[in-house]
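Fold and geometry: a report
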Amino acid sequence: MNKAITKICCIGAGYVGGPTMAVIAQKCPHIKVTVVDLNQARIDAWNDPNTENIPVYEPGLAEVVAEARGRNLFFSTQVDEAIADAEMIFISVNTPTKTYGTGKGMAADLKYIELCARQIARVSKTDKIVVEKSTLPVRTAEAVKSILQNTGNNVQFQILSNPEFLAEGTAVEDLHAPDRILIGGDTTEEGQIAIQALVDVYANWVPKERILTTNLWSSELSKLTANAFLAQRVSSINALSELCEHTGADISEVSRSIGTDSRIGPKFLNASVGFGGSCFQKDILNLVYIARSYGLTQVADYWEQVIIMNDHQKRRFATKIVKTLYNTISGKKIAFLGWAFKKDTNDTRESAAIYVADDLLNEQATIAVYDPKVAEDQILGDLNYLETRKAEKNAELVDVYEDAYACCKGAHAIAVMTEWDEFKTYDWQRIYDNMIKPAFLFDGRNVVNKKALTEIGFKVYSIGK
Ligand code: UDX
Ligand code: ADP
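Residues numbered from 1 in each chain as written. Chains lettered and ligands numbered in written order. Predicted model: local features only at pLDDT ≥ 70, side-chain atom pairs only at ≥ 80, totals over all residues. Heavy atoms only, no water.

1. Structural notes on the side chain of Glu132
Defined as follows: By definition, any uninterrupted DSSP run of H or I lasting at least four residues is a helix, any uninterrupted run of E lasting at least two residues is a strand, and each is numbered from the N terminus. Burial here depends on accessible area, computed with a 1.4 Å probe over protein chains only, as a share of the maximum for the residue type. Under 20% is buried, over 50% is exposed, and the range in between is partly exposed. Only four residue types enter the tally: Lys and Arg on the positive side, Asp and Glu on the negative side; His and the chain ends are excluded. By definition here, a salt bridge exists when the distance from a side-chain nitrogen of Lys or Arg to a carboxyl oxygen of Asp or Glu is within 4 Å. Two residues qualify as a contact provided that any one of their heavy atoms is within 4.5 Å of a heavy atom in the partner residue.
With respect to the secondary-structure elements, Glu132 resides in strand S5 (residues 128–132). One buried charged residue, Glu132, forms no salt bridge at all, with the nearest opposite charge on Lys145 at 9.3 Å. For Glu132, the contacting residues outside a window of four places in its chain are Ile91, Thr140, Ala141, Val144, Leu160, Ser161, Asn162, Pro163 and Glu220.

2. Overview of the packing of aromatic side chains
Where we set the bar: When two rings of Phe, Tyr or Trp (its six-membered ring) have centres within 6.5 Å they constitute a pair, described as stacked for plane angles under 30 degrees, edge-to-face for angles over 60, and tilted for the intermediate range. Sitting over a ring, as applied to charges here, requires NZ of Lys or CZ of Arg to be within 6 Å of the ring centre and within 35 degrees of the ring normal.
As enumerated under the stated definition, the model contains 16 aromatic pairs in all. Taken together, a centroid distance of 6.1 Å and an interplanar angle of 70° make the contact between Tyr326 and Phe440 edge-to-face. Of this pair, Tyr326 sits in the loop between helix H12 (297–324) and strand S9 (333–337) while Phe440 sits in strand S13 (residues 440–443), placing them 114 residues apart in sequence. Relative accessible area serves as the criterion here: at 54%, Tyr326 is assigned to the exposed category. On the basis of relative accessibility, which here comes to 7%, the residue Phe440 falls in the buried class. Geometrically, the ring pair formed by Phe442 and Tyr461 is tilted, given 6.0 Å between the ring centres and 50° between the ring planes. Note that Phe442 is positioned in strand S13 and Tyr461 in strand S14 (residues 459–462), a separation of 19 residues in sequence. With respect to burial, Phe442 and Tyr461 carry one shared label: buried. When the ring centre of Phe74 is taken as origin, the NZ or CZ atom of Lys32, which lies over that ring, is 5.9 Å away. For the cation-ring pair, Arg180 lies above Phe165, with the distance from its terminal atom to the ring centre recorded as 3.5 Å.

3. As for helix H9 (residues 216–247)
Here is the rule we go by: To estimate the expected span of a helix, subtract one from its residue number and multiply by 1.5 Å. Here a polar contact is taken to be a pair of N or O atoms separated by no more than 3.5 Å, where protein atoms must pair a possible hydrogen donor with a possible acceptor and residues adjacent in sequence count only if both atoms sit in side chains.
Here H9 is 32 residues long and its end C-alpha atoms lie 47 Å apart, about the 46 Å a rise of 1.5 Å per residue gives. Two or three places before Trp217, at the start of H9, stands the capping residue Asn215, its side-chain oxygen 3.0 Å from that residue's backbone nitrogen. A positive backbone phi angle near 90° is found at Gly248, which sits one or two residues after H9.

4. Digging into the UniProt feature "active site" (unreviewed entry) in the chain
The condition that has to hold: UniProt positions are given in the numbering used here, feature names are shortened, and annotations may be inferred rather than shown by experiment.
The feature "active site" (unreviewed entry), as given by UniProt, occupies Cys279 in the numbering adopted here. Residue placement: Cys279 occurs in the loop between helix H10 (251–259) and helix H11 (280–293). Using a relative accessible area of 22% as the deciding quantity, one classes Cys279 as partly exposed. For Cys279, the residues in contact, after removing those within four places along its chain, are Thr135 and Asn227.

5. Section: the sheet that holds S9
What counts, and what does not: Each pair of strands is called paired provided DSSP finds at least two bridges between the two strands. As a rule, the C-alpha atoms of each element are fitted with a line to give its axis, helices using only the stretch in contact, and angles between N-to-C directions run from 0 to 180 degrees.
If you trace the six strands from one edge of the open sheet to the other, you get S11-S10-S9-S12-S13-S14, paired in parallel fashion. Looking at which strands have only one partner, the edges of the open sheet turn out to be strand S11 (398–401) and S14. For this sheet the average axis-to-axis angle between neighbouring strands, irrespective of direction, equals 20°. The pairing of S9 with strand S12 (residues 413–416) spans four bridges and is parallel. By the bridge assignment, Ala335 is partnered in S12 with Ile414.

6. Structural notes on the domain arrangement of the chain
We apply this condition: Per the annotation, domain bounds derive from an automatic or database assignment of domains. A quick way to say it: buried area is the sum, across both parts, of accessible area lost when two parts are put together, with a 1.4 Å probe.
As assigned here, the chain comprises domain 1 (7–206) and domain 2 (217–465). Opposite the 37 residues of domain 1 that make contact, domain 2 presents 28 residues. For the pair domain 1 and domain 2, the summed buried surface comes to about 2500 Å²; carbon and sulfur atoms form 57% of the total. Remark: the boundary between domain 1 and domain 2 carries one salt bridge.

Right, dumping it as structure tokens:
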């Protein structure tokens, strides 16, 4: 097992697996990288001759795929064949929060991971290094190991944890120049050899001092901890944004002032309508669940507060809209600019827009949505997933536009939900002229020029001001 890796397989062609493997293939032309997924439509999209149509939107990703695809990067639904062929297998499948049974709403649902482990055990005929790429609760590696070692046929498996720290919207940048690569493995000799094999893959483009190695459990917990710390900063600043609205302080000024303290640093201090994305909430819930399962009530309560604050921030924004519009929005058109959970991605998982829209729909508003990268079926799917009302009702009350000006036409209010750069370039006078007066704008991201818009005539609400 101590020879250099030449064949990698990645199970799961999603927001993590796709970009990560594309960059490994780009940087390591001598390694054959095969990304497999059960979802035929997704694989077909990754193989679309026009790389602009790949299923994950990330700046720069289409170019990376164009460079490596067909050379040493392949996308396929032939999962068994790819596993059998590879020396190293990354597991990058989804691990959503459980929606049933014990740990419902808190624990990670590991059924996809377990299925992968069983599949690897079933088809492997040669020794494999299995790498956990999905974010997982601490000690998942142990479960994977147990399945592999008890069902495999005399094949040796080494399990590594290699959490991915890329942020969506900057995935390619983050993968090209990561702050660090973290690799956890067994402290045995075989474990160390496996770690080295993966270190050697990353060392093709990542400076050695940025590749950290730890034991398995530290690596798994570090990923949850990093996300919990980042989310905590957002909830902390969001908590203070509400205080600012009552005291006359300005949250942007507070963020700037504290961010210059080198111990605090300036990042992740932007007040917003609430954090979203596939990781923050899920990982903190995992942390809370694990802490509770060990009886650590104070630890669990401490981290749970980050989620409670985030839910409060989303609801508070929706309530602000209703109250400002004279306590009734029934039949009023509210235009949403942005649906993605942050700019430069087409991912909408846990996006604040979904929850704010749901609250407004409960008040019988009609919602118009424009997002540069998110399509109508995704938006309706997100709302239907909440099961708050019938799908037909959502389809009746929600209209999706391909043009921001048409979206805002005839609206009583605009809600800016994502910080897309293009929103700053709009002809706001033209938008204003076509709205019902008074024309309200609720800036959930503090991105519009409040002064200029107020001069046009908008009644602007910004978070924390
Ligand atoms: C996060 C982690 O940053 C990344 O390391 C990990 O691998 C996955 O989870 P991601 O969810 O893609 O990445 O995006 P991130 O930039 O962290 O933003 C998460 C959410 O927080 C977004 O909704 C964003 O808008 C929000 N946010 C972020 C704020 O509201 N304010 C901020 O100052 C920063
Ligand atoms: P992430 O953001 O973690 O990448 P995604 O949901 O975007 O998560 O992607 C996970 C992918 O894993 C999905 O495309 C899903 O179809 C795929 N997947 C889940 N289970 C399996 C499996 N057993 N074999 C192959 N692919 C799988």
